[in-house]
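# Examination of the molecular architecture
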Amino acid sequence: MEQADLRRLESQCVQEETPQCVAACPLHVDAKQFCKLMAQRRIDKAWQVLAKTMPLPGVLARMCGEPCKAACVRQDVGGPINMGTMERYCAENAKPINPPKPLPARNKSVGVVGGGFTGLCAAWELARRGFETTLYCSQLGEGLPPFPEGVLDRELTGLETMGVKIETGFDASVSFIRTLIGDMDAVFVDSDVLPESVRDFGAPDELTLGTQEHGLFVSLQGEDSAILQAATGRRAANSIERFTQGVSMVTGRELEGPYETRLYTNLDNVQSLTSALPERDCSELDVRDEAKRCLQCECMECVKSCEYLRHYKFYPKVYARQIYNNESIVMGTRQANTMINSCMLCGLCETVCPEDFSMADVCLEARRTMVEGDKMPPSAHEFALRDMAFANGEKCSLAKHAPGTDTSDYLFFPGCQLTASDPSGVEAAYADLRNRLGNVGLMLHCCGAPAEWSGRVVLERDSMNDLKQIWESLGAPKIIAACPTCLKSLRAGLPNAEITSHWSLLRVLGIREDSVSPKGPFAINDPCAARHDVVLREDIRSILDTLGADTVEPELSGETTQCCGYGGLLSEANPALGMHVAAKRAEAREEDYVTYCVMCRDMMAKTGKRALHLYDLLYSEVNDPAARPSPGYSERRENRVRLKEHLLRNLWREEPNSVAELFESIDVSFTDEALQRMEQRRILKSDVQKTLLAVRESGKRFVHAETGHYLTSHRPVIVTYWVEYEEQGKSYLVHNVWSHRMHIKGVKS
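A brief report on the enclosed structure follows. (Residues numbered from 1 in each chain as written. Predicted model: local features only at pLDDT ≥ 70, side-chain atom pairs only at ≥ 80, totals over all residues. Heavy atoms only, no water.)

## What to know about the overall build of the protein chain
Along the backbone of the protein chain there are 32 helices and 19 strands. For the protein chain, the spread of C-alpha atoms along the principal axes amounts to about 115 × 65 × 50 Å. Each of the 749 residues in the protein chain was classed as buried or not, and the buried ones make up 55%. Accessible surface, the protein chain: about 34,300 Å² in total, of which carbon and sulfur atoms supply 48%. Distance from the positive charge centre (85 side chains) to the negative charge centre (104 side chains) of the protein chain: 6 Å. (Helix = DSSP H or I, 4+ residues; strand = E, 2+ residues; numbered from the N terminus. Buried < 20%, exposed > 50% of the residue type's maximum accessible area, 1.4 Å probe, protein only. Areas by Shrake-Rupley, 256 points an atom, 1.4 Å probe, with all protein chains shown as cover. Lys, Arg positive; Asp, Glu negative; His and termini not counted. Charge placed at Lys NZ, Arg CZ, Asp CG, Glu CD.)

## Structural notes on the pattern of salt bridges
Note that side chains of opposite charge can pair when their charged atoms are close. Considering all chains together, one arrives at 44 salt bridges under this definition. A salt bridge links Glu284 to Arg41; the nearest nitrogen and oxygen atoms lie 3.2 Å apart. Separated by 243 residues along the polypeptide, Glu284 in helix 11 (residues 284–292) and Arg41 in the loop between helix 3 (31–39) and helix 4 (43–53) bring together distant segments of the chain. As a salt-bridge pair, Asp432 and Arg436 come within 3.0 Å of each other at their nearest N and O atoms. (Salt bridge = Lys/Arg side-chain N within 4 Å of Asp/Glu carboxyl O.)

## What to know about the side chain of Thr419
Along the polypeptide, Thr419 turns up in helix 19 (residues 416–421). What makes Thr419 buried here is its relative accessible area of 5%. A polar atom in the side chain of Thr419 sits 2.8 Å from the backbone oxygen of Cys416. Other than its neighbours up to four places away in sequence, Thr419 contacts Pro414, Val426, Leu444, Asn639, Arg640 and Leu643. (Polar contact = N/O pair within 3.5 Å; in protein donor to acceptor, adjacent residues only side chain to side chain. Contact = heavy atoms within 4.5 Å.)

## Topic: the sheet that holds strand 10 (residues 499–501)
Reading across the sheet, the five strands line up as 6-8-7-9-10 and stay open at both edges, with mixed pairing between neighbours. Each edge of the sheet is formed by a strand with only one pairing partner; in this case those strands are strand 6 (398–400) and strand 10. When the angles between neighbouring strand axes are averaged without regard to direction, this sheet yields 25°. Relative to strand 10, strand 9 (residues 478–481) is paired through three bridges, and the arrangement is parallel. Residue Ile480 lies in a different strand from strand 10, and its bridge partner there is Thr500. Strands in contact with helix 30 (residues 633–650) are strand 6 and strand 8 (440–444); relative to strand 8, the strand with the most contacts, it is inclined by about 150°. (Pairing = 2+ DSSP bridges. Axes fitted to C-alpha atoms, helices over the stretch in contact; angles between N-to-C directions.)

## Concerning the packing of aromatic side chains
Per the stated rule, a full pass over the model turns up 13 aromatic pairs. Here the aromatic rings of Tyr710 and Tyr725 are separated by 5.5 Å at their centres, their planes lie at 35°, and the arrangement is tilted. Remark: Tyr725 occurs in strand 18 (residues 720–728) and Tyr710 occurs in strand 17 (residues 710–714); sequence separation between them is 15 residues. Taking the centre distance of 5.6 Å and the plane angle of 65° together, the rings of Tyr725 and Tyr732 count as edge-to-face. Tyr732 shares its class with Tyr725; the two are buried. Through a chain of ring-to-ring contacts, three or more aromatic side chains come together here, namely Tyr136, Phe170 and Phe176. Above the ring of Phe390, the side-chain terminus of Arg637 is found at 4.4 Å from the ring centroid. Its guanidinium or amino end placed over the ring of Phe663, Lys690 lies 5.1 Å from that ring's centre, counting from NZ or CZ. (Phe/Tyr/Trp six-rings, centres within 6.5 Å; stacked < 30°, edge-to-face > 60°. Lys NZ or Arg CZ within 6 Å of the ring centre and 35° of its normal.)

Geometric descriptors of this kind do not, in isolation, establish any biological role.
In structure tokens, the structure reads:
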């Protein structure tokens, strides 16, 4: 990621944008934080928030015209927050605080002429920035309304405490102002409290308040809003600071005063709540309740919908910075690898984001960069890629015309995970297609999604090229895909192929007469691969209607559906988070789920949730298929192998030509604890068999003196497997398994 890319991404995420109320305030008072503290009855802390931004806060808080109300997002759901009343309450009841401590002296002198509120605020702002400030006026607080006793005096004392010299009883004149311009580094004139005769310096510039007189700044006339008068004083101080530093008077001043903000706040689930705050004599509980009406505006639309984004506790703008920093590290530990590899690449964030920010694009590109730079941890996706290679290997893959034919009008592509989870369903579906369409070939193969998700661009391309060659060798028939992910991958990788979903075809052909009439209701789970496939989602609902299924929808469904935790290889790179995501999806509805992605079904089944794949209703002969457990990793591989062998023998009357490997002769069984550990650690039955074969040939093993169990290890490639077992005649009972990538020096495997 280049720095320009980072800046573009940071700009795209609006979470750190200013709330509407703060942006609308000429002084940008942090009304959001103020309301948060007031809602907690932390009055003194809330007062500090006001005093941090407001000049002469004891006066201004009592006069604020609350321009934030017009911008308050709450106004459409119960009315805007009454900031002015709460500010007055806070000014009257909070513990007084000292004026701010000025910055170190700049050794620059500024004269302020005029004691109206604009002049007082300008003097406050200038003194705060370290200017040697002298205020000349005929009367302090000229034009201000009466305040409770001591209020104005306390703020004027604060001005003097900050170092402002006050010269009162002074009648300004043009000659006096010209003298000040000559004696001081800059002069500011509060024009509203001076007679017309001493304003003859030309109209000031609206942005800088500068005049034709070098070093003279003058306020615009006629401003009667206290908050805008205070903003004018601050603008004058900003200009004088730039003037005395000799920098640009105009650059980078877009955010002075009110401005537009891009922060988005969703009101869809916000309850309308009107204000009960009295204008006068309000109590602490009154202002607390009013402050609680504040929405604490933020976006977080993607984080609210995505367990992955919520897990890492921030939002895309922060994640983009972390990924950029992660890529920039030359030496040392990369802290964001797991975060990058945990994104499900499902696209939900982009769908719900008001600015279309795609964490999927950011994370996938980061993965590709890590792979290209040989920085991708091998453990992140290795098991999934091994599984993909196995699915495309000689034991599992198959591509043939229908039995007894040498051409195919159609090619059924069920996908490697459906064959791994429900081989009998695939066989029945294929038979149904042949019966109704005739020449339907069969292709057992992986669509290449694991290569894409892992960031292996070359592997993804090579895999799709292999698949294309096989498809073309069959005469490039129309492809019938059953898996939504396969459908998406094939459409992207084979743009010239005619591809339809099995579900669209069934909607046209009709379902089998012996399909199961489901006992519902069922919650429909749309896979994330179908997020932007409206036709596919409608096909599924039409089929369920035909089946007579009583269905309901989760809150997040259709275009906003959530991933099951398998997408993007989350369950491989971060198994704990993958299971958490699956559990959250399962908890979204009490009803049994019905879905059309077998990995969604299996992931939810792992959490104990009853879930059906649509094949279970159309083709299964199993009693209560919703209770079918998710097959383990070894079982998934065996299902693929057995399906190919079964189809070759029973449909094509061929004997499989794959040769059994020697380790497959090892007769092994497992305790329940060992099976559980194998699933947790992605250790296959074949890995254990290879280890036991190695010890049978080498005889190298340890023996436990008390249990009599043997312990041995084997490192076939880059992972070392440890197996604790006992011998039972010619077979083995495995009690425990481990694996690690660490290579112990001096030890031969």
